[in-house]
Amino acid sequence: MELWDGHAIHEAILARHLKSEAGSRHANPLAVGDEVEVEPGEPGGPMRVVSIAPRRTFLERSTGDSRGRTQIIAANATQAVIISSLAEPPFRPGLVDRWGLLARRGGLVPVLCLNKVDLGTHEEAERAIAEAAIPLEAVTVSAENGSGVDRLLELTAGRVSVFVGHSGVGKSSLLRRLIPNADALVGTVSAKNLKGRHTTTSSRLYPLPGGGIVIDTPGVRSVQLGQTDVAEVAAVFDEIAEAPPCRFRTCTHRTEPGCSILAGVQSGVVPSAIYARYRKLLEEAEVK
Ligand SMILES: Nc1nc2c(ncn2[C@@H]2O[C@H](COP(=O)(O)OP(=O)(O)OP(=O)(O)O)[C@@H](O)[C@H]2O)c(=O)[nH]1
Ligand SMILES: [Mg+2]
Ligand SMILES: [Zn+2]
């Protein structure tokens with residue numbers, strides 16, 4: 001793996017005791033963004049990572065393995081920039097919901113970046129965000145023609161951001177807009193992939209010319225939530241999180257009597273599209 005000391009890149013390996021922490025909740029011991037302590041290795045050889053600092057934030061997703069482990073996608077980022085595209089692939093609000101939940105879980109602020117607006121217009125992009133009632137700060141951009149990229153620059157300036165989203169939405173293209181010579185990469189870490197196979201996926205950390213860091217990640221096929229609960233899912237949707245309390249404190253807002261959310265759907269205070277997304281997220285997260 002590559003290690004960045006703030007100036008230069010060094011080759012490093014993980015000390016054996018860090019490789020296999022039995023009973024770890026995580027499938028990968030080390031993630032991009034981790035801060036580590038190193039010792040010199042063999043003369044001329046790689047340094048050894050001997051300890052990993054406690055993470056201030058983490059962005060994880062479930063690996064879906066039988067041990068219920070998660071993969072840490074990035075450590076210590078302050079903001080998750082959820083990248084979607086207006087078209088090719090089409091905008092999917094449900095994915096934004098999932099990433100938003102995972103970001104909040106790990107202490108990151110989720111923001112939405114809707115890319116490929118050149119395939120439509122900024123107005124269409126903003127309408128798509130409004131119709132989906134996405135409760136996040138949002139920017140609409142095009143990596144293709146550069147429009148809106150100044151707003152993405154402002155949003156990322158001085159912050160540690162991790163770019164997430166499906167394959168092909170334009171994460172790396174946007175990064176290249178932010179960092180003209182992005183090929184001078186400054187840090188990678190390899191992670192074991194999902195099913196325990198040793199295919200290597202790699203995320204990379206790039207310092208922004210004006211200060212701040214962007215972590216580019218490979219697109220993932222599925223964004224599994226793993227262990228979650230009603231409160232965590234409800235917190236994704238402003239209309240649900242901010243509704244008055246239900247009769248039962250343990251209400252799941254599905255069929256319970258005295259449910260203020262169901263009443264809100266009836267009266268139109270809670271848009272039915274939002275309620276449908278809430279139910280979908282609950283079901284997919286297998287909240288009982
Ligand atoms: N029309 C249009 N195409 C874009 C835009 N941004 C990216 N693309 C194209 O979309 C494709 C995928 O872009 P990437 O930047 O590689 O996407 P990515 O999100 O990094 O994908 P992964 O690395 O697989 O996760 C490329 O062919 C880009 O040229 C855009 O704003 N408009
Ligand atoms: Mg990419
Ligand atoms: Zn309820």
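Fair warning: this is a prediction, and the values are worked out from it, not measured in the lab. For every chain, the first residue of the written sequence is number 1, and numbering continues from 1 along that sequence. The lettering of chains begins at A and the numbering of ligands begins at 1, in the order of writing. Where totals are concerned, whole chains, interfaces and linings use all residues; where local detail is concerned, this predicted model gives features only for residues with pLDDT of at least 70, and gives and counts side-chain atom pairs only at 80 or more.

Engineer: Explanation requested: the overall build of the protein in the structure shown.
Structural biologist: From N to C terminus, the protein includes 9 helices and 13 strands. Its C-alpha atoms give the protein a radius of gyration of 20 Å, near enough to 19 Å, the size a compact globule of 288 residues would have. Each of the three principal axes of the protein carries a C-alpha extent, and together these read 70 × 45 × 30 Å. Buried residues are those with 20 or more other C-beta atoms within 10 Å of their own C-beta, exposed residues have 12 or fewer, and partly exposed residues lie in between; C-beta atoms are placed from the backbone. For the protein, the residues scored as buried account for 36% of the 288 residues in total. Here, residues touch in the contact sense if the C-beta positions derived from the backbone fall within 7 Å of one another. Considering only contacts within the protein whose residues lie at least 6 apart along the sequence, 64% involve residues at least 24 apart. Think of it this way: any DSSP run of H or I at least four residues long counts as a helix, any run of E at least two long counts as a strand, and we number them from the N terminus. For a compact globule the rule gives 2.2 Å times the number of residues to the power 0.38, and the radius of gyration it is set against comes from C-alpha atoms.

Engineer: Before we go on, may I ask you to explain the environment of valine 50 in this structure?
Structural biologist: Following the sequence through the fold, valine 50 ends up in strand 4 (residues 47-52). Once residues lying within four places of it in the same chain are set aside, the contact partners of valine 50 are Ala15, Glu37, Val38 and Glu39.

Engineer: Looking at this model, I keep getting lost on the pairing of strand 8 (residues 109-115). Mind explaining?
Structural biologist: Side-chain direction in a regular strand flips from residue to residue, so the side chains alternate between the two faces of the sheet. Burial of strand 8 is extensive: 6 of the 7 residues sit out of reach of the surface. Bridge analysis of strand 7 (residues 79-85) against strand 8 gives 7 bridges, and the strand direction is parallel. What sits directly across from serine 84, in strand 8, is leucine 114. If the strands point away from the viewer and the path from the first strand over the helix to the second runs clockwise, then the crossover is right-handed. The parallel pair strand 7 and strand 8, bridged by helix 2 (residues 93-105), forms a crossover whose chirality is right-handed. A pair of strands is labelled paired if DSSP reports no fewer than 2 bridges between them. Pairing of strand 8 with strand 9 (residues 138-140) involves 3 bridges; the strand directions are parallel.

Engineer: Where do I start with the site of ligand 1 in this structure?
Structural biologist: Residue proximity rests on one test: whether the C-beta atom, placed from the backbone, lies within 6 Å of the molecule or strand. Around ligand 1 there are 17 residues in total, and Glu144, Ser167, Gly170, Ser173 and Gly219 lie nearest to it. Ranked by residues supplied to the shell around ligand 1, first place goes to helix 5 (residues 171-178) with 3 residues. Three classes are used: nonpolar for Ala, Val, Leu, Ile, Met, Phe, Trp, Tyr, Cys and Pro, charged for Asp, Glu, Lys and Arg, and polar for all others, with Gly counted as polar. For the shell around ligand 1, the per-class residue count stands at 4 nonpolar, 9 polar and 4 charged.

Engineer: Where do I start with the nonpolar core in this structure?
Structural biologist: Side chains of nonpolar character tend, in soluble globular proteins, to be buried together. One finds Leu59, Ala80, Ile82, Cys113 and Val162 to be the most contacted residues of the largest nonpolar core, which totals 66 residues. Counting residues per element, this core draws most heavily on helix 2, at 5 residues. Here this core spans two domains, and each of domain 1 (58-216) and domain 2 (230-284) adds at least three residues to it. With residues up to four places along the chain from it excluded, the contact list for cysteine 113 reads Val81, Ile82, Ile83, Val139, Val141 and Leu152. By definition, a nonpolar core groups buried Ala, Val, Leu, Ile, Met, Phe, Trp, Tyr and Cys residues that connect through C-beta atoms lying within 7 Å of each other. How far each domain reaches was decided by an automatic or database domain assignment.

Engineer: Looking at this structure, how should I read the domain arrangement of the protein?
Structural biologist: Often the size quoted for an interface is simply the accessible area lost on bringing the parts together. According to the domain assignment, the protein consists of domain 1 (58-216) and domain 2 (230-284). Here the C-alpha centroids of domain 1 and domain 2 sit 27 Å apart. Contact with domain 1, which involves 10 residues of that partner, is made by 11 residues of domain 2. Within the side of domain 1 that touches domain 2, the residues separate by chemical class into 4 nonpolar, 2 polar and 4 charged.

Engineer: Is there a simple way to think about the packing of helix 2 against helix 9 (residues 272-284) in this case?
Structural biologist: Helix-helix packing: each pair is described by the crossing angle between the helix axes and the interaxial distance. Packing of helix 2 against helix 9 brings their axes to within 11 Å, and their N-to-C directions diverge by 60°. Taken together, helix 2 and helix 9 sit at an angle that is classed as oblique. Every pair of crossing elements has a handedness; the one defined by helix 2 and helix 9 is right-handed. From helix 2, Pro93, Gly94, Asp97 and Arg98 reach across to helix 9, where they touch Arg277, Lys280 and Leu281. By residue class, the composition of the contact of helix 2 with helix 9 is 2 nonpolar, 1 polar and 4 charged. Convention adopted: a line fitted to C-alpha atoms gives each axis, helices being fitted over their contacting stretch, and angles between N-to-C directions are expressed from 0 to 180 degrees. Each angle is binned into one of four classes, with values under 35 degrees roughly parallel, values over 145 roughly antiparallel, values of 65 to 115 roughly perpendicular, and all other values oblique. Left-handed is the label given to a crossing in which the near helix is rotated counterclockwise from the far helix by less than a right angle, and right-handed is the label when the rotation is clockwise.

Engineer: Sorry if this is basic, but what is going on with the pairing of strand 4 here?
Structural biologist: Pairing analysis gives 3 bridges linking strand 2 (residues 9-14) to strand 4, with the strands arranged parallel. In the strand pairing of strand 4, isoleucine 13 is matched with arginine 48. Here strand 3 (residues 36-39) runs beside strand 4; their pairing, made up of 4 bridges, is antiparallel. Within strand 4, the position partnered with valine 38 by the bridge is valine 49.

Engineer: Help me understand the environment of glutamate 137, please; the structure alone is not making it clear to me.
Structural biologist: Locating glutamate 137 in the fold gives a position in the loop between helix 3 (122-131) and strand 9. On a C-alpha basis, the gap between glutamate 137 and valine 111 in space is 5.2 Å, while along the polypeptide they are 26 residues apart.

Engineer: Can you help me understand the sheet that holds strand 2 in this one?
Structural biologist: Two orientations exist for strands paired in a sheet by backbone hydrogen bonds: parallel and antiparallel. A sheet is described by the order of its strands in space; here 4 strands give the open sequence 1-2-4-3, paired in mixed fashion. Each edge of the open sheet is held by one strand with a lone partner, namely strand 1 (2-4) and strand 3. The average angle at which neighbouring strand axes cross in this sheet is 55°, direction not considered.

Engineer: Honestly, unusual backbone geometry in this entry has me stumped. Any pointers?
Structural biologist: Most peptide bonds take the trans configuration, and most residues that are not glycine carry a negative phi. Cis peptide bonds are those with omega within 30 degrees of zero, and the linkage from glutamate 88 to proline 89 qualifies with 0°. Considering the arrangement of structural elements, one finds proline 89 in the loop between strand 7 and helix 2. Phi is positive for alanine 133, close to 50°, though the residue is something other than glycine. In this fold, alanine 133 is placed in the loop between helix 3 and strand 9. We classify alanine 133 as partly exposed; it has 15 C-beta atoms within 10 Å. One non-glycine residue, histidine 253, lies in positive phi territory at about 60°. Among the structural elements, histidine 253 can be located in the loop between helix 7 (238-241) and helix 8 (260-267). Classification of histidine 253 as buried rests on a count of 22 C-beta atoms within 10 Å.

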